[in-house]
Structures are given as structure tokens and as C-alpha cells.
Amino acid sequence: MDIRKYSGQELVQRLDTGKLSILNAIGAHDLKKEMVHVGKLCSFVVHLVCLGKDDTNLRKRAVSVIRFAAPAKLLGKLPTSEHTVVIGFNHPSLGEVCRLLYLGFLRYPDREFLFPVNLPWYESIVPVIPQLKRLGIHISPMITPATEAKLNKKFEGDDAKLKDVQLLKMIFDHRYIREIKAMSEKNGIIFVAPSATRQKEIIGDPVHPSMTALAHLVHKGNRRSLFVPVAVFAPKHGNRELNLFRSYYIEPCRPFEAEEVQELVSGRDRAFDYAFLKRIEKVYKQRAKKLHLD
């Protein structure tokens, strides 16, 4: 199937309604299959949470259901603000996403959430997008650096397919920018992994300018925000997946107030990205010894 016969808006609409699998359309069936099991499990949990039609206590129900299967201990309080809150975390697995989700429900019960989601995972949970919106969760598909590398390797030598990958990346990036702006106008909560992909290292190579770009978008129009680095401690012998029924530790670090963010993003290239990751790394190294995770 030629994805270029659709506009970017049409592609996104067909993706969101389940009428089109972009990965299948470009011949990346294997990447789609990688997340089928996880997607089915996530969809089952979302359906379970949203069984009733009354949304009054929907988030409380979600907390009780998710916390049972994905336990986490919060070491300290997640900071809050009347302005947009950006929570950035190291990303060793998929498991911290669901744990941060319900911890966020507890701390920010009346705020809307935004998560960028890697395209293979996004496609696997498309059927529950309406239920996620009932929970106040907005997800935005992304082609992460790791997925881009896989696709580039898969389509090596096929210039048309490689151009399709770059086109899709641009379409999704633009959509994410629109989502960030919309969430900032609502003073919502934005969750993001600065690495944009799962990795053991907190400060990887390269360091992506994701937090700097996010800061510019969130602060557009003189808006204010609070950027919160969060250290994630996955189980010592855990895997890259959800690690169900195994405990995580989540520790908020000292947040970046709007003025500090503005100063850092106006300085040298990626100064804010390094400062943000170093704050996570410092807390991680101190706590990992006490938890015997190093």
C-alpha cells in the first residue's frame, strides 16, 4: 500500500480509527508483531477499568487495578504546580510507564495526561484509544530513534521506503508538537522519556535535545511550567517489558522551575538536556546503592 496517497491528517485519522496499520502498510510486519502481546495485555486492563459507563471514579478504579499488577513504591512526593508539569524519566523498560500513570492519577487526579508512544506499541493499543480518553490520557505516536534505526536497516537500499520512514517521522513529530501545545494550554501533565527509547543508561550517546525542544514548546506564549526529573529503579533482574507483579521504585528529583529552564535553554546547545539527565543520574546512583541495585 502506498501511504503517500493519503495526507498526513488522513493517515493519522485512519491509524487512530484502526482502519490502517502503518507498519503493515510499509512492510514492517515484524515490528508490529513485537508488541502484540503487550498491546493485548494493556488493552485488557483498560477494558477492565472502563467496564462501567460511570466515569466518576474511573481513575480510582484504574489505580486499584494497575497497582495490583504493577506495584511501585514512591520515594518522596511528585511536585505539583498550577501550570503545566513535565515529568521526564529514565526509561529502562515498559514497566515504569504504567506505574507512573497510576502514581500520576493519585497526585494529579483532575489533570489531563499526554504520553508520546512508540509506533509499534501505539498500533497495538489503538482499539482502546476511546477508553484512554475517558481516563484523560492522550497518546501520540512516535518513531523513536531505535525504531527508526530498525526501519532504516530493514529498508536499506530501498530509497522509496526510506523516504516513507522520514515522511512518517515528520508527520508524527508535527502531531506531537500540536499535542504538546494543546496540553500546555490546559496546564496538563506531560510524561516523557528524554532518551526516547528504552535503555539502561541514563545519559546515553547521543543525548537527544528532547527536553530543550519540549521546553520551547511548553513555554510558548509566556506560559510557565515545572519540569520534574524522575529516577526509575526497575527490578534488578527485570527485563525490558512490563515486569508485572515486580516492584519498582520511583524517586522524584529536585524540579526545574520555569526561570531555571529558560536560563538553561538559552545557553549552550543541549545544556538543559544534560542538566536534566544529570539530576536523575545523581539521585539514581545514590539510591541504587541503598537498594542494592548497582
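All of the points below concern the structure found in this document. Treat the numbers as computed from the prediction; the structure is a model and nothing was measured.

Rules behind the numbers
Residues numbered from 1 in each chain as written. Predicted model: local features only at pLDDT ≥ 70, side-chain atom pairs only at ≥ 80, totals over all residues. Heavy atoms only, no water. Helix = DSSP H or I, 4+ residues; strand = E, 2+ residues; numbered from the N terminus. Rg over C-alpha atoms; globule rule 2.2 N^0.38 Å. Buried < 20%, exposed > 50% of the residue type's maximum accessible area, 1.4 Å probe, protein only. Areas by Shrake-Rupley, 256 points an atom, 1.4 Å probe, with all protein chains shown as cover. Lys, Arg positive; Asp, Glu negative; His and termini not counted. Charge placed at Lys NZ, Arg CZ, Asp CG, Glu CD. Patch = residues over 30% accessible without salt bridge, like charges linked within 9 Å, V, L, I, M, F, W, Y side chains within 5 Å. Salt bridge = Lys/Arg side-chain N within 4 Å of Asp/Glu carboxyl O. Phe/Tyr/Trp six-rings, centres within 6.5 Å; stacked < 30°, edge-to-face > 60°. Pairing = 2+ DSSP bridges. Core = buried A, V, L, I, M, F, W, Y, C linked by side-chain atoms within 4.5 Å. Contact = heavy atoms within 4.5 Å.

## Focus: the overall build of the chain
A count of helices and strands for the chain gives 13 helices and 8 strands. Over its C-alpha atoms the chain spans a radius of gyration of 19 Å, differing by no more than 12% from the 19 Å that the globule rule assigns to 294 residues. Out of the 294 residues belonging to the chain, those deemed buried represent 51%. If you sum the accessible surface of the chain, you get close to 14700 Å²; carbon and sulfur atoms cover 53% of it. For the chain, the distance from the average position of its 47 positive side-chain charges to the average position of its 32 negative side-chain charges is 5 Å.

## Let's talk about a nonpolar patch on the surface
A cluster of nonpolar residues, F44, L48 and L51, forms a patch on the protein surface that exposes about 310 Å² of accessible area. Structurally, the position occupied by L51 is in the loop between α4 (36-49) and α5 (58-69).

## Some points on the packing of aromatic side chains
According to the stated counting rule, one finds 9 aromatic pairs in the structure shown. Seen from their ring centres, F115 and F191 are 4.5 Å apart, and the 0° between their planes marks the pair as stacked. Of this pair, F115 sits in strand β3 (residues 113-118) while F191 sits in strand β5 (residues 189-192), and the two are 76 residues apart along the sequence. Its relative accessible area of 6% is what places F115 among the buried residues. Take F191: its relative accessible area is 1%, and that puts it in the buried class.

## So, the pairing of β5
What you see with β5 is no split at all: I189 and F191 on one side and I190 and V192 on the other are buried throughout. Across 4 bridges, the pairing between strand β2 (residues 84-89) and β5 is parallel. Bridging across to β5, V86 finds its partner in I190. Relative to β5, β3 runs parallel, the two sharing 2 bridges. In the strand pairing of β5, L114 is matched with I190.

## Overview of the nonpolar core
Counting residues in hydrophobic clusters, the biggest one holds 69 residues, and the most contacted among them are I87, F115, W121, I139 and F172. Sort the elements by how many residues they give to this core and helix α6 (residues 95-107) lands first, with 7 residues. If we skip the residues at most four places from it in the chain, F172 touches V12, L15, I22, L119, P141, M142 and I143. The next biggest cluster of nonpolar side chains, apart from the first, holds 28 residues, and it includes L114, I202, A215 and F256.

## Notes on the pattern of salt bridges
This model, assessed by the stated rule, comprises 14 salt bridges. Among the ionic pairs, K186 bridges to E112, the shortest N-O distance being 3.2 Å. Of the two residues, K186 is situated in the loop between α10 (159-185) and β5 and E112 in the loop between α6 and β3; the sequence distance between them amounts to 74 residues. With relative accessibility at 45%, the residue K186 sits in the partly exposed group. Across the pair E259 and R224 runs a salt bridge whose closest N-O atoms are separated by 2.8 Å.

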